[in-house]
Amino acid sequence: NAGVMQNPRHLVRRRGQEARLRCSPMKGHSHVYWYRQLPEEGLKFMVYLQKENIIDESGMPKERFSAEFPKEGPSILRIQQVVRGDSAAYFCASSLPRTSGGQETQYFGPGTRLLVL
Amino acid sequence: AQTVTQSQPEMSVQEAETVTLSCTYDTSESDYYLFWYKQPPSRQMILVIRQEAYKQQNATENRFSVNFQKAAKSFSLKISDSQLGDAAMYFCAYRRSTSYGKLTFGQGTILTVHP
C-alpha cells in the first residue's frame, strides 16, 4: 500500500506567481490535512478536507490560499501571488474514515518545499 | 485552545544508551490522543508511537516507550538502546478525540546520537 504522495517535492516560484501543491492520500483514506512548517519551527495546521468538502480551514490564511479535494484526483493546496514569507515546507497527511476505527492516526507525505525568490 | 510544549530544544545521547524527551500539554478535554513523530534530515514525518488518553497503560513500540501522566499532562518519550538512525527532530503532538481532529505540534527537540 503506497504511502501519502506529494508532488512536487521541491517548487521554486518568483514573487507574484502561483504555487500548486498536490497530495494523493493513502488508499482508502478520505480525510486529508495540510500543515505548514516554517524554518526552525514545528508544523502548524492549515486545513482539513474530506472528499468535495472543506471541514476546517481555521489555520489557513484568508487571502491567497485555497484548498480542494475533488471527488476524483488529488487534493490541491493553491497559493496565489506568492510572497517570500510563503517559503516553507508544506505537508499533507491522510487518515481513515471514522467508521474504520483508525481515524485517529494521520500519516504524512514527504512534503513539498516551496521557495519563493 | 490546546497547546503542546517541548522544553528541550536539543538533546544528545551516546549510542546504546537511553534518552528521554519531554512533552507537556494543556487541554480541558478528557479524551484525546497523543503522538510522537520523528523528522529525520529527509524531513519526512514518521509516526513513532501513539497513546490514547483513556488507556492507563503506557504505549510501547520496540525500543520506544512513553511515560503518560494524565493528571500532570505530561507525555515523555523514552528511547532505549539508542541507534545512530534515531538522530532526528522529534515532535510531540496532540489531537482531540472528536470525529476529526487537527494535530497540534510542539516546537520539537533535536536529538543527536553520538557513536
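Note that the structure is predicted; figures quoted are calculated from it, not measured.

Right, let's get into the overall build of chain B. When helices and strands are counted, chain B shows zero helices and twelve strands. A compact globule built from 115 residues would reach a C-alpha radius of gyration of about 13 Å, and chain B, at 14 Å, matches this within 12%. Its C-alpha atoms give chain B principal-axis dimensions of roughly 40 × 25 × 20 Å. When each of the 115 residues of chain B is scored for burial, the buried share is 47%. Counting contacts in chain B only where the partners sit at least 6 residues apart, residues at least 24 apart contribute 56% of the total.

What follows covers the interface of chain A and chain B. When the parts of a complex come together, some accessible area is lost, and that lost area is often used as the size of the interface. Listed by partner, the interface residues are 22 residues for chain A and 22 residues for chain B. Roughly 1,900 Å² of surface becomes buried between chain A and chain B when both sides are summed, with 51% attributable to carbon and sulfur atoms. Seen at the junction of chain A and chain B, the total is eight residue pairs in polar contact (both at pLDDT 80 or more). At the level of elements, strand 4 (31–37), strand 5 (43–50), strand 6 (53–56) and strand 9 (88–95) of chain A are the ones that each hand at least two residues to the side of chain A that touches chain B.

Turning to the pattern of salt bridges, a few remarks are in order. Taken as a whole, this structure holds eight salt bridges over all chains when the rule is applied. Two residues, R96(B) and E29(B), come together in a salt bridge whose shortest N-O distance is 3.6 Å. Of this pair, R96(B) sits in strand 10 (residues 88–96) while E29(B) is found in the loop between strand 4 (24–26) and strand 5 (32–39), placing the two residues 67 residues apart along the sequence. The exposure class of R96(B) is partly exposed, given its relative accessible area of 37%. By relative accessible area, which is 30% here, E29(B) ends up partly exposed. Residue D86(B) is joined to R63(B) by a salt bridge in which the shortest nitrogen-to-oxygen separation is 2.8 Å. A residue pair is termed long-range when its members are at least 10 positions apart, and D86(B) in the loop between strand 9 (74–79) and strand 10 and R63(B) in the loop between strand 7 (60–61) and strand 8 (64–69) qualify at 23 residues. Taken individually, D86(B) and R63(B) each receive the classification buried, so the pair is uniform in this respect. Residues participating in the shared-partner salt-bridge network are E18(A), R20(A) and R78(A).

Definitions and cut-offs
- Residues numbered from 1 in each chain as written.
- Chains lettered and ligands numbered in written order.
- Predicted model: local features only at pLDDT ≥ 70, side-chain atom pairs only at ≥ 80, totals over all residues.
- Heavy atoms only, no water.
- Helix = DSSP H or I, 4+ residues; strand = E, 2+ residues; numbered from the N terminus.
- Rg over C-alpha atoms; globule rule 2.2 N^0.38 Å.
- Buried < 20%, exposed > 50% of the residue type's maximum accessible area, 1.4 Å probe, protein only.
- Contact = heavy atoms within 4.5 Å.
- Buried area = accessible area lost by both parts, 1.4 Å probe.
- Polar contact = N/O pair within 3.5 Å; in protein donor to acceptor, adjacent residues only side chain to side chain.
- Salt bridge = Lys/Arg side-chain N within 4 Å of Asp/Glu carboxyl O.

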